[in-house]
Amino acid sequence: MPKKEEKSNGRKMKAEQLYDIVMDRMDLTRDIGDEELMDMIHEVIREAAEAEYMPLQEQIRLSRQLFHSFRKLDVLQELVEDETITEIMINGTDEIFLEREGRIIQSDRKFMSIEKLEDVIQQIVAGTNRYVNELSPIVDARLEDGSRVNVVLKPVALNGPIMTIRKFPKDTVTMDQLISWGSVTEEVVEFVKMIVKAKYNIFVSGGTGSGKTTFLNAMSDYIPKDERIITIEDNAELQIRGVPNLVRLEARNANLEGEGAVTIRDLIKSALRMRPERRMIIK
C-alpha cells in the first residue's frame, strides 16, 4: 500500500511540473489551437523523457492527461467518456469514486490541485449559465452530453469541493428494454400506454438513481407525435425524441446580485399561455 501511494504521488508531481512548464511556454495573449497545444505538450514530454527515462506508455498517458487539463475536464474526461461508468463522485482532490454495473469502486485518479478541481467545476457550471461560490455553494448543472451534475462547495462541504456526475445512456431506453431487464411487466406497460394516451395526470417518484428519468423518457414514446409538448425542468434531463412540436423550458437561479431567478412555478404559469397539450414537469 505505501509503495502504491508513493508511485501515485510521484506521478502527480510529474504531471504538475509538466503542466507548469507548458503554461510557462504558452502565449496567453492569443488563442492557441488544439494542434499547436498538442505539439507543445509533446515537446515538453520529449524533453522530460530525455532528461529522465520515461516509458512510451507513460508519455502517452501524460500527453493525454495534460491536453485534458487544458482543454477538457482534466482527469474526469476519460471517465465521462467511459460508457460503462454510470456515476462519478468527486470528494475533494484525492478521492474519486465510480459506479460501474451497480458497484461503487474507488478510482486511482486525482486532481493535481484544489485550484484545478475548482477550475473544472466553474467550467462545467458556466456552460449552463449558472454560478457557484462560497456565498451560493450549491448548484445543479449538466454536461454537454446531458449528464446531470451537482456541486457543493465549502463551507457547506467540509471536505469539498464535492461534485457528483450522473450519466445517462446515449441511446434512450425503451419500454421493451425495461421489460427484457425485468424492470416492468408487459401488463404494466400496457396500462401505462393506456393512461398516457388518455392524458391522465401521472406522477413518477423514487429515490436517487432509481430510474425516474429513464422511465419518463420511455413512457414519452406513447405520446401522440402530433401533440404540442412543453417540458419544465429544474435541470434539463429529459430526452424526448420524435416529437416535432416540443418546447423545453429550464429553471434559472438568481445571479450574483440575487436577481433574474426563474422558478419552476414561473415556468408553469408561462406554459399555460403557450397552448400546451401536455406538460411534463421534472424536479
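Refer to the structure printed above.
What you see is a predicted model; the values in this text were computed from it and never measured.

A. Broad picture of helix α3 (residues 56-71). Along its 16 residues, α3 runs 23 Å from first to last C-alpha, staying within 8% of the 22 Å computed at 1.5 Å per residue. Taken together, the buried positions of α3 are occupied by E58, L62, S63, Q65, L66, F67, H68, S69 and F70.

B. Representation of the packing of helix α2 (residues 34-51) against α3 in the model. Look at α2 against α3: their axes get within 10 Å of each other, and the N-to-C directions meet at 140 degrees. If you check the angle between α2 and α3, you find them oblique. Classified by chirality, the crossing of α3 by α2 is right-handed. Facing α2, whose interface residues are D34, L37, M38, I41, H42, I45 and A49, α3 presents Q59, L62, S63, L66, F67, F70 and R71.

C. How the structure looks around the pairing of strand β2 (residues 95-100). The pairing of strand β1 (residues 85-91) with β2 spans 6 bridges and is classified as antiparallel. Paired with N91 across the two strands is E95, which belongs to β2. Between β1 and β2, which pair antiparallel in sequence order, lie 3 residues; one of them, G92, sits at a positive phi of approximately 75 degrees. Pairing analysis gives 4 bridges linking β2 to strand β3 (residues 103-106), with the strands arranged antiparallel. For E99, the partnering residue across the bridge sits in β3 and is I104.

Conventions and cut-offs
- The numbers attached to residues start from 1 for each chain and follow its sequence in the written order.
- In keeping with the predicted nature of the model, local features appear solely for residues at pLDDT of at least 70, side-chain atom pairs appear and are counted solely at 80 or more, and the whole-chain, interface and lining totals rest on all residues.
- As a convention, hydrogens and water are excluded, and side-chain values are obtained from all of the structure's heavy atoms.
- Comment: elements are numbered from the N terminus, with helices defined as DSSP H or I runs of at least four residues and strands as E runs of at least two.
- Every helix has an expected span of 1.5 Å times one less than the residues it contains.
- Burial classes follow relative accessibility: with a 1.4 Å probe on protein chains only, a residue under 20% of its type's maximum area counts as buried, one over 50% as exposed, and anything between as partly exposed.
- The convention used is that axes are lines fitted to C-alpha atoms, helices contributing only their stretch in contact, and that angles between N-to-C directions extend from 0 to 180 degrees.
- Roughly parallel means an angle under 35 degrees; roughly antiparallel, over 145; roughly perpendicular, 65 to 115; everything else is oblique.
- Note on convention: near helix rotated counterclockwise from far helix by under a right angle means a left-handed crossing. Clockwise means right-handed.
- Two residues form a contact once any of their heavy atoms are found within 4.5 Å.
- Only strands that DSSP links by at least two bridges are regarded as paired with each other.

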